[in-house]
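Spelled out, the chains give:
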Amino acid sequence: MLTRLKLGQFRCFENFEAEFQPGLNLIIGPNAAGKTSLLEAACVMLRLQSPRTSKLGDIIRHEARGLVLDGYYGGAHLQFYYSPRRKKLALDSVEQSSAAEYLRLGKVVWFSNTDIALVLGSSEVRRRFMDFLAVQLHPAYRGALRNYERALRSRNLLLKSPTPRFKELQAFNEPLLESGKLLMAARQSFITALRPLAQLAHTAISGSRETLDAQYIPSCGSDFAAALESSRGEDLRLRQTTLGPHRDDLHLLLSNAPATLGSEGQQRTLALSLRLAAARLMEADTGKPPLLLLDDIFGELDLQRRAALLRELPPGAQQIVTTTQIEWLPQGLAANVLQMPPLQPATNAT
Ligand SMILES: Nc1ncnc2c1ncn2[C@@H]1O[C@H](COP(=O)(O)OP(=O)(O)OP(=O)(O)O)[C@@H](O)[C@H]1O
Ligand SMILES: [Mg+2]
């Protein structure tokens with residue numbers, strides 16, 4: 001579990017330190033106090049990735065050069081420094097040349113009040129959801145994703161050049177296919193395992209007989225090599241790689257109809273069920289429940305769903321929950337409470 005976390009130059013914090021307990025931890029404070037930022041810092045320290053942005057530059061405090069996160073998880077000391085020029089990782093004070101061992105430690109599931117974007121947002125949101133979890137479930141996924149993105153960037157650059165040569169384009173097939181096939185297979189197996197767990201969580205939270213379905217839709221069908229070959233003409237015309245895992249999607253259905261047609265409450269419940277299922281899957285995979293980070297999600301749920309969600313969270317999992325109010329909490333619920341002071345407005349020196 002996460003016991004301590006120190007933030008330096010992270011979002012609104014110049015310096016901030018927090019301690020956490022096993023079980024439920026509540027971060028309470030007014031709007032803009034930095035609650036989501038603190039939760040995000042826990043995620044970035046453990047996963048080297050923010051669930052809010054793909055650009056780590058965004059999370060450095062304005063006008064600072066780099067951020068530092070320093071904390072203890074499962075007894076291990078984790079340190080992460082990031083600036084656009086330099087990245088540094090240390091595990092128990094030993095600098096790491098690769099992130100592999102560091103990332104093996106902390107597993108995280110992030111729940112947010114913006115999760116409805118999983119249903120309503122673009123396919124990129126759903127790919128980020130799949131990638132964030134698959135990286136934690138498949139040891140080779142992170143490397144494959146990086147290799148794929150690198151090869152894709154180079155191929156797209158070549159397609160944008162005035163006269164891309166056939167042989168040069170062909171040279172990207174091997175790295176694209178090798179890493180792309182691994183990503184597709186991992187996504188398929190992960191979604192297949194997630195589906196029944198999401199269905200169970202959905203029934204428990206909604207209390208209805210509505211069915212949930214999640215289907216992985218690879219943009220290139222099952223044969224990436226053939227798709228890459230047959231789309232070359234289109235790629236040259238549009239000057240970009242039109243098919244591949246970077247265009248995959250996850251189709252979400254409620255009682256066999258597209259989830260986009262559901263009510264807002266139904267869509268939120270669906271998104272929540274996917275996150276809960278991810279937590280269950282991770283626990284089944286590693287034997288330990290992941291750290292659950294829940295950003296302001298209870299306010300959006302009715303009483304029955306709030307109680308059902310609290311019941312459904314894996315017992316034994318450490319939970320860090322942000323909220324502006326605690327009135328909704330069931331009486332007698334034991335929790336470690338962290339009260340955040342309102343953010344002090346920056347004062348101009350005179
Ligand atoms: N890179 C950054 N540098 C400095 N400040 C930032 C940066 N990114 C965000 N902020 C500021 O941090 C403050 C805290 O934001 P945060 O989202 O953590 O608040 P919150 O407590 O979760 O609020 P809410 O209850 O509204 O969700 C905001 O005023 C935001 O503008
Ligand atoms: Mg917030």
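Check the entry above for the structure.
Residues numbered from 1 in each chain as written. Chains lettered and ligands numbered in written order. Predicted model: local features only at pLDDT ≥ 70, side-chain atom pairs only at ≥ 80, totals over all residues.

### A look at the overall build of the protein
No. 1: Counting its secondary structure elements, the protein contains eleven helices and 14 strands.
No. 2: Since a compact globule built from 350 residues should have a radius of gyration of about 20 Å, the 22 Å found for the protein is in line with a globular shape.
No. 3: A principal-axis box enclosing the C-alpha atoms of the protein has dimensions of 65 × 60 × 45 Å.
No. 4: Split into buried and exposed, the 350 residues of the protein put 35% on the buried side.
No. 5: Residue pairs in contact within the protein that sit at least 24 positions apart in sequence constitute 73% of those at least 6 positions apart. (Helix = DSSP H or I, 4+ residues; strand = E, 2+ residues; numbered from the N terminus. Rg over C-alpha atoms; globule rule 2.2 N^0.38 Å. Buried ≥ 20, exposed ≤ 12 C-beta atoms within 10 Å, placed from the backbone. Contact = placed C-beta atoms within 7 Å.)

### Regarding the packing of helix H5 (residues 141–160) against helix H7 (residues 173–206)
Each packed pair of helices is defined by two parameters, the angle between the axes and the distance between the axes.
No. 1: Where H5 meets H7, the closest approach of the two axes is 8 Å, and the angle between their N-to-C directions is 135°. Considering the angle they form, H5 stands oblique to H7. Seen along the crossing, H5 lies across H7 with a hand that is left-handed. Across the interface between the two elements, Tyr141, Ala144, Leu145, Asn147, Tyr148, Ala151, Leu152 and Arg155 of H5 pack against Pro175, Leu176, Ser179, Gly180, Leu182, Leu183 and Ala186 of H7.
No. 2: In terms of residue class, the contact of H5 with H7 is made up of eleven nonpolar, three polar and one charged. (Axes fitted to C-alpha atoms, helices over the stretch in contact; angles between N-to-C directions. Parallel < 35°, antiparallel > 145°, perpendicular 65-115°, else oblique. Left-handed = near helix turned anticlockwise from the far one by under 90°. Nonpolar A, V, L, I, M, F, W, Y, C, P; charged D, E, K, R; others polar.)

### What about the sheet that holds strand S11 (residues 257–258)?
No. 1: Taken together, the three strands give an open sheet; going across it, the order is S9-S10-S11, and neighbouring strands pair in antiparallel fashion. The open sheet has two edge strands, strand S9 (212–217) and S11, and neither has a second partner.
No. 2: Sheet topology note: the S9/strand S10 (residues 249–254) ladder contains six bridges and is antiparallel. Residue pairing for S10: Asp213 is matched across the bridge by Leu253.
No. 3: Seen against the sheet, H7 touches S9 and S10 and runs at an angle of roughly 170° to S9. (Pairing = 2+ DSSP bridges.)

### Focus on the packing of helix H4 (residues 123–137) against H7
No. 1: Their axes nearest at 10 Å, the elements H4 and H7 cross at an angle of 95°. The angle between the axes of H4 and H7 places the two elements in the roughly perpendicular class. Note on element contacts: H7 touches H4 through Ala186, Arg187 and Phe190, opposite Met130, Leu133, Ala134 and Leu137.
No. 2: Considering only residue class, the contact of H4 with H7 consists of six nonpolar, no polar and one charged.

### Structural notes on the sheet that holds strand S7 (residues 94–95)
No. 1: Read from one edge to the other, the open sheet built from six strands follows the order S2-S1-S4-S5-S6-S7, with strand pairing classed as antiparallel. The outermost strands of the open sheet, each flanked by one partner alone, are strand S2 (13–19) and S7.
No. 2: Across six bridges, strand S1 (residues 2–10) lies against strand S4 (residues 67–73) in antiparallel orientation. Note on S4: the bridge partner recorded for Lys6 is Asp70.
No. 3: Packing of helix H1 (residues 35–47) onto the sheet brings it into contact with S1, S2, S4 and strand S5 (76–82), and relative to S1 it is tilted by some 105°.

### Digging into the environment of Arg11
No. 1: Within the secondary structure layout, Arg11 lies in the loop between S1 and S2.
No. 2: Residue Arg11 is classed as buried on the basis of its 20 C-beta neighbours within 10 Å.
No. 3: Distance from Arg11 to Arg61, taken between C-alpha atoms, is 4.4 Å for residues 50 residues apart in sequence.
No. 4: Ignoring sequence-local partners within four residues, the contact set of Arg11 consists of Gly34, Ser37, Ile59 and Arg61.

### Some remarks on unusual backbone geometry
No. 1: The phi dihedral of Gln9 falls on the positive side, at around 55°, and the residue is not glycine.
No. 2: Structurally, the position occupied by Gln9 is in strand S1.
No. 3: With 21 C-beta atoms counted inside 10 Å, the residue Gln9 sits in the buried group.

### Considerations on the pairing of S1
No. 1: As judged from the six bridges shared by S1 and S2, these two strands associate in the antiparallel manner. Paired with Gly8 across the two strands is Asn15, which belongs to S2.
No. 2: Here S1 hands over to S2 after two residues, with Arg11 in that stretch at a positive phi of 50°.

### Details of H7
No. 1: A bend of about 30° at Arg195 is the largest found in H7, and the proline Pro196 appears one to four places after it.
No. 2: Looking at the residues trailing H7, positive phi occurs at Gly207, about 65°. (Bend = angle between axes of the 7 residues up to and from the residue.)

### Thoughts on the environment of Arg195
No. 1: You can see Arg195 is positioned in helix H7.
No. 2: A sequence separation of 78 residues divides Arg195 from Ser273, and the C-alpha atoms of the two residues are 9.8 Å apart.
No. 3: Sequence-distant contacts of Arg195, defined by excluding residues within four places in its chain, comprise Asp213 and Ala214.

### Some words on H5
No. 1: With 20 residues, H5 extends 28 Å between its outermost C-alpha atoms, agreeing within 8% with the 28 Å of an ideal straight helix rising 1.5 Å per residue.
No. 2: All of the buried residues in H5 are Tyr141, Ala144, Leu145, Tyr148, Ala151, Leu152 and Arg155. An end-on view of H5 places all buried positions within 140° of arc, on one side of the element. Seen from the buried face of H5, the exposed residues on the opposite side, beyond 90 degrees, are Arg146, Arg153, Leu157 and Lys160.
No. 3: On its buried face, H5 sits against H4, helix H6 (166–170) and H7. (Expected span 1.5 Å × (residues − 1). Arc of directions from axis to C-beta.)

### Side note on the pairing of strand S8 (residues 108–112)
Moving residue by residue along a regular strand, the side chains alternate between the two faces of the sheet.
No. 1: Most of S8 sits inside the fold, with five of its five residues counted as buried.
No. 2: Side chains Val108, Trp110 and Ser112 of S8 all project onto a buried face; the interleaved residues Val109 and Phe111 project onto the opposite face, where all are buried too.
No. 3: Relative to strand S12 (residues 291–295), S8 is paired through five bridges, and the arrangement is parallel. Paired with Val109 across the strands is Leu292, a residue of S12.

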